[in-house]
Amino acid sequence: MSNQKSLELAYKIRLHGLEMTNRGGTSHIGSIFSMADFLAVLYADVVNVNPKEPKMPSRDRVLLSKGHAGAGVYAALAESGFFPVKELETHCQNGSRLSGHVSHKGVPGVEASTGSLGQGMPMAMGMAMAAKLNHEKHRVYCIIGDGECDEGAIWESALIAHQFKLDNFIVTIDFNKIQSLAPVEDTIALEPMDDKWRSFGWHVIRVDGHDHTALHEAYEEAKAAMGQGKPIVVIADTIKGKGVSFMENDVLWHYRTARGEEYDAALKELEAHKP
Amino acid sequence: MRDTFVRCLEAYAKEHQELVLVTGDLGFGVLRNYIAQFPERFINAGISEQAMMSMAAGLALEGKTVVVYSIGNFPTLRCLEQIRNCCAYHNANVKIVCVGAGFVYGTLGMTHHATEDMSALRMLPGVRVYAPADALETEAVMPLFLSEPGVAYLRIGRGGEPHCHEAGEIRGYQTGKALEQFSGTDAYLLTAGGILPSAIEAAKLLKAEGKCVGVASFPTIKPLDEEYLASICKKVSTLFTVEEHTIIGGFGGAVCECVSGFKENRARVVRLGLNDTYCAIVGNQAYLEKQFGLDGPGIADKVRRVLSGVE
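Residues numbered from 1 in each chain as written. Chains lettered and ligands numbered in written order. Predicted model: local features only at pLDDT ≥ 70, side-chain atom pairs only at ≥ 80, totals over all residues. Heavy atoms only, no water.

**Brief notes about the overall build of chain B**
Point 1. Check the secondary structure of chain B and you find 11 helices and 12 strands.
Point 2. What you see for chain B is a C-alpha radius of gyration of 19 Å, in line with the 19 Å of a compact globule of 311 residues.
Point 3. The dimensions of chain B, computed from C-alpha atoms along their principal axes, are 60 × 40 × 35 Å.
Point 4. Pairs at least 24 apart in sequence give 75% of the contacts found in chain B among residues at least 6 apart.
Point 5. Of the roughly 12000 Å² of accessible surface on chain B, a fraction of 50% belongs to carbon and sulfur atoms. (Helix = DSSP H or I, 4+ residues; strand = E, 2+ residues; numbered from the N terminus. Rg over C-alpha atoms; globule rule 2.2 N^0.38 Å. Contact = heavy atoms within 4.5 Å. Areas by Shrake-Rupley, 256 points an atom, 1.4 Å probe, with all protein chains shown as cover.)

Okay, here's the thing in structure tokens:
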């Protein structure tokens, strides 16, 4: 499969993310950038969604459990035709429907509002369970953060999804290795991540979260695992702030908004890598 | 109440294929019939209340009516934020059932006393709160609890509660309505939940002394029957609320909020219940009710003191 479509979408997600957080004076650009590539692969080539019929019953469900990176999802949806790209300019502005943490209220394509960590994944699991009860064939995709894996409800869900053999449930972990205050391994260590999920009975796929070819293959494997009785986790090794050199692997950019010269420099770097 | 709940649930499930029962690994014996009849619509989420409640929201957003069953504080306080964010904000059809209201599990200790749940749940926008007093009230509220859209909370006892109503007495119950047991001219005792028999006993004791104290049960505390409260405020100047629960923000709090907003005929509201305290005493439900002045004589004593001007 060609990577062109997903590479272009990832580029646009990053551009919009930078612009939206700048305009809104909001945080989490590092977290938006780290997930931009696999989010783009999902929306460009993997998930079955229809902007003309956002509530199409047979659609795949996509939930962002790490709701703080909502700007990335809004950008992906707008660029996929769910609502006008122009509306992204209202992100975090007074009276907007696009809140910093992702909102489903009046926003086509967003299945659920999240932002309190550890809640989107079990919600998505409930949707996957409903699909099983209804003998429906669609899949439920959920994106969680690595810091979010500190939440007990993530591991409660990991146990439950395995118990109920939810092989229509595909969780992607944005494993960017940096959480709110410090590196993950210096906060609440998660490695060996693969072993943890494998021991919980999940089908584990570990992938370079910025390699579009590898990501396409990973999601092909994930889709093919439906019918094997195991929930699927794609552990995407990513770089926080990926795409702008001075943001990469720096905890500062969990919170900082790019302004002035920093904004211009970031924009220039992104544009230099236009696919 | 518990058996009535399950019987009504089974009847509803027969007619409504969308109903799914989720338990947090509780209901041994109680849910047996339901499971036998509807095995494909029974999910034991294990002892995972937080994930369970979010999962229930996810199921509900896909068209299910999800009844979440547990005891004590597990389906409420343990996962309050999940109820707020995942269920209520999404207006998901999640129906939360707590068995063990108040001191029902008295001897098990304070972790198992459900004495702040009504306050916690009624503060959440869009959540209806039911606290029936006996099996007949439970039967009356069940179809409404299950069928009205959005999140609802039902707190019930374990079983064996005395009947406060005659069979068939409650007809056409509507959410948000109070049920008057008898009218009064000196004061009213208003109750939510299984404490109603104590209030009735108190009213009888007071009647023997020449005091005419009315009694009304509120099977729904949210929405609250404001019309009924306005009507009794025209008749008496003192209302007593009685609940096996904290007096802060629960049923008594709800009555205060309502009555204080009346333009005229604002009665004094005296709240009986747990006054900003946990119960560290070991004992069964009746024993603990007595310790907190919530038995018939205890309630009557409080009414006497207030009406005579001592308090």
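**Brief notes about the sheet that holds strand S5 (residues 128–130) of chain B**
Residues and elements named next belong to chain B.
Point 1. Within the open sheet, the 7 strands sit side by side as S2-S1-S3-S4-S6-S5-S10. Their pairing is mixed. At either end of the open sheet lies a strand with only one pairing partner, and these are strand S2 (42–44) and strand S10 (220–222). Taken pair by pair, the neighbouring strands of this sheet meet at an average axis angle of 20°, ignoring direction.
Point 2. In the sheet, strand S3 (residues 65–71) pairs with strand S4 (residues 94–99) via 6 bridges, with the strands oriented parallel. Looking at the pairing, serine 70 lines up with cysteine 98 of S4. (Pairing = 2+ DSSP bridges. Axes fitted to C-alpha atoms, helices over the stretch in contact; angles between N-to-C directions.)

**Points about the packing of aromatic side chains**
Residue and element names in this part refer to chain A.
Point 1. Under the criterion given, the structure shown has 12 aromatic pairs over all chains.
Point 2. Taking the centre distance of 5.9 Å and the plane angle of 55° together, the rings of phenylalanine 169 and tryptophan 202 count as tilted. You can see phenylalanine 169 sitting in strand S3 (residues 169–175) and its partner tryptophan 202 sitting in the loop between helix H7 (193–199) and strand S4 (203–208), a full 33 residues away along the chain. Assigned by exposure class, phenylalanine 169 and tryptophan 202 land together as buried. (Phe/Tyr/Trp six-rings, centres within 6.5 Å; stacked < 30°, edge-to-face > 60°. Buried < 20%, exposed > 50% of the residue type's maximum accessible area, 1.4 Å probe, protein only.)

**Re the interface of chain A and chain B**
Size of an interface, as often reported, equals the accessible area lost when the parts are brought together.
Point 1. The interface of chain A with chain B comprises 23 residues on the first partner and 23 residues on the second.
Point 2. Between chain A and chain B, a total of about 1900 Å² is buried, with carbon and sulfur atoms accounting for 61% of that surface.
Point 3. There are 1 salt bridge connecting chain A and chain B.
Point 4. For glutamate 62 of chain B, the salt bridge is made with arginine 61 of chain A, and the minimal N-O distance between the two is 2.7 Å.
Point 5. Joining chain A to chain B, the criterion identifies 8 residue pairs in polar contact (both at pLDDT 80 or more).
Point 6. Mapped by element, the contributors of at least two residues to the side of chain A that touches chain B are helix H4 (120–133) and helix H5 (152–163) of chain A.
Point 7. Counted by class, the side of chain A that touches chain B contains 11 nonpolar, 8 polar and 4 charged residues. (Buried area = accessible area lost by both parts, 1.4 Å probe. Salt bridge = Lys/Arg side-chain N within 4 Å of Asp/Glu carboxyl O. Polar contact = N/O pair within 3.5 Å; in protein donor to acceptor, adjacent residues only side chain to side chain. Nonpolar A, V, L, I, M, F, W, Y, C, P; charged D, E, K, R; others polar.)

**A closer look at the domain arrangement of chain B**
Residue and element names in this part refer to chain B.
Point 1. Parsing chain B into structural domains produces domain 1 (2–156) and domain 2 (179–307).
Point 2. Placing a centre on the C-alpha atoms of domain 1 and another on those of domain 2 gives a separation of 26 Å.
Point 3. On the domain 2 side, the residues contacting the 28 residues of domain 1 number 33 residues.
Point 4. Taking both sides of the interface into account, the surface hidden between domain 1 and domain 2 amounts to around 2200 Å²; carbon and sulfur atoms contribute 58%. (Domains from an automatic or database assignment.)

**Here's the deal with unusual backbone geometry**
Point 1. Here the residue pair glutamate 191 of chain A and proline 192 of chain A is connected by a cis peptide bond, since its omega of 0° sits within 30 degrees of zero.
Point 2. Of note, the phi angle at cysteine 92 of chain A is positive, near 65°, even though the residue is not glycine.
Point 3. By secondary structure assignment, the location of cysteine 92 of chain A is in the loop between helix H3 (70–79) and H4.
Point 4. You can call cysteine 92 of chain A partly exposed: its relative accessible area is 28%.
Point 5. A positive phi angle, near 50°, is found at asparagine 91 of chain B, a position not held by glycine.
Point 6. By the element assignment, asparagine 91 of chain B lies in the loop between helix H4 (80–88) and S4.
Point 7. Among the residues examined, asparagine 91 of chain B registers a relative accessible area of 51% and is labelled exposed.

**As for the side chain of histidine 91 of chain A**
Point 1. Residue placement: histidine 91 of chain A occurs in the loop between H3 and H4.
Point 2. Judged by its relative accessible area of 2%, histidine 91 of chain A is buried.

**Focus: the nonpolar core**
Point 1. Of all hydrophobic cores here, the largest spans 88 residues; its most connected members are Phe169, Trp197 and Trp202 of chain A together with Leu190, Leu229 and Leu239 of chain B.
Point 2. Counting contributing residues, this core receives three or more from each of domain 1 (2–156) and domain 2 (179–307) of chain B.
Point 3. Leave out the neighbours within four places in its chain, and tryptophan 197 of chain A touches Met121, Ile144, Cys149, Ile154, Trp155, Ala158, Ile173, Trp202, Val204, Val233 and Ile235 of chain A. (Core = buried A, V, L, I, M, F, W, Y, C linked by side-chain atoms within 4.5 Å.)

**Regarding the pairing of S4 of chain B**
Residues and elements named next belong to chain B.
Point 1. Counting buried positions along S4 yields 6 of 6 residues, so the element is predominantly enclosed.
Point 2. Taking every second residue as pointing to the same face, both faces of S4 are buried, with Val94, Ile96 and Cys98 on one and Lys95, Val97 and Val99 on the other.
Point 3. For the crossover that starts at S3, traverses H4 and ends in the parallel S4, the hand is right-handed.
Point 4. Where S4 meets strand S6 (residues 152–156), 5 bridges bridge the pair, whose relative direction is parallel. Note that in S6 the partner of isoleucine 96 across the bridge is tyrosine 153. (Right-handed = clockwise from strand over helix to strand, strands pointing away.)

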